[in-house]
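Close look at the chain arrangement
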Amino acid sequence: MRIGELAVTVGVTTRTVRHYHHLGLLPEPERRPNGYRDYTLRHAVVLARIRRLTELGLGLTEVRDVLADDAGRDLAEVLEELDADLARQEAAIRERRDRLRALLDREGDLPAEGPVSPELAALLTGMAHGPESPMAARDREVLALIDTVASPESRQRLMAALGSAFETPAAVARAHEVYALLDALADAGPEDADDPRVDEAARALADCLPDSLLPETDLAPGLDDSFLRALYADVAPAQAEAIRRAMRMFTERGR
């Protein structure tokens, strides 16, 4: 058989056949006097086996192991590993579909920061009940970032703890009072660190943080100090100072 005939017989392209030759998966046939390759039934059998194995999901390196006479593993072992890998992929796909379904079931009530976890979606819904605030909008963006990079355990703990700050109308009102105090510092410069409004905002923020965060005061799990420096740099100097003081007050509260 010529290479084109072999390819058509097995259902692959001639480029694929040449690629398998290059990788050493398919042995080179003898050549006719005119220089053309002369493929035999054995080549068709091997090529068909390669096709079946790749269609099952094996990589070409694994196919080489299966085909090699001195392979340390037999076909059953390779296929068991492939089955386990496919099971892991199946579980991951199922989890992603569950998350998508949870978002779709919100019937249009999707947060602008989404897609996010169900825990954060519930928290953002609570935060939305109140006047619009630049600092609240920034908080929502930061929470979406934490939602992405934190471990599932840390994210769930953090969102559950912060959710208590918005679980009642009174708590929501208090949280938005804090945002208003911080928003009022937007135009204050570094020279205004002694402005009494800074300390007022810091105390209000510290008081607003739920006690459930005290056993573990890392308010941004999965993020390092460089993130906090970037956060402080992203707000006005007086706002950054108020947040720093609030964090110190909060930490001291847990001692």
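Just so it is clear, the structure is predicted and the values come from calculations on it, not from any experiment. (Residues numbered from 1 in each chain as written. Predicted model: local features only at pLDDT ≥ 70, side-chain atom pairs only at ≥ 80, totals over all residues. Heavy atoms only, no water.)

**Some words on the packing of aromatic side chains**
One pass over the structure, following the stated rule, counts zero aromatic pairs. We note Arg2 situated over the ring of Tyr36; from NZ or CZ to the ring centre the distance is 3.9 Å. Residue placement shows Arg244 over the ring face of Tyr232; its charged tip is 4.4 Å from the ring centre. (Phe/Tyr/Trp six-rings, centres within 6.5 Å; stacked < 30°, edge-to-face > 60°. Lys NZ or Arg CZ within 6 Å of the ring centre and 35° of its normal.)

**Notes on the packing of helix 9 (residues 169-183) against helix 10 (residues 196-208)**
At a closest axis distance of 9 Å, the pairing of helix 9 and helix 10 adopts a crossing angle of 155 degrees. Between helix 9 and helix 10, the angle is such that the two are roughly antiparallel. Considering the relative orientation of helix 9 and helix 10, their crossing is left-handed. Contact residues: Arg174, Ala175, Val178, Leu181 and Leu182 in helix 9; Glu200, Ala201, Ala204, Leu205, Asp207 and Cys208 in helix 10. Residues belonging to the contact of helix 9 with helix 10 are distributed by class as follows: eight nonpolar, no polar and three charged. (Axes fitted to C-alpha atoms, helices over the stretch in contact; angles between N-to-C directions. Helix = DSSP H or I, 4+ residues; strand = E, 2+ residues; numbered from the N terminus. Parallel < 35°, antiparallel > 145°, perpendicular 65-115°, else oblique. Left-handed = near helix turned anticlockwise from the far one by under 90°. Contact = heavy atoms within 4.5 Å. Nonpolar A, V, L, I, M, F, W, Y, C, P; charged D, E, K, R; others polar.)

**Some words on the nonpolar core**
Within the largest apolar cluster, 44 residues are counted, with the highest numbers of intra-cluster contacts made by Leu120, Leu123, Met127, Leu143 and Phe166. Listing elements by their share of this core, those giving two or more residues are helix 6 (118-127), helix 7 (134-149), helix 8 (152-163), helix 9, helix 10, helix 11 (225-233) and helix 12 (237-253). (Core = buried A, V, L, I, M, F, W, Y, C linked by side-chain atoms within 4.5 Å. Buried < 20%, exposed > 50% of the residue type's maximum accessible area, 1.4 Å probe, protein only.)

So, to be careful, I would describe these as geometric facts and stop short of saying anything about function.
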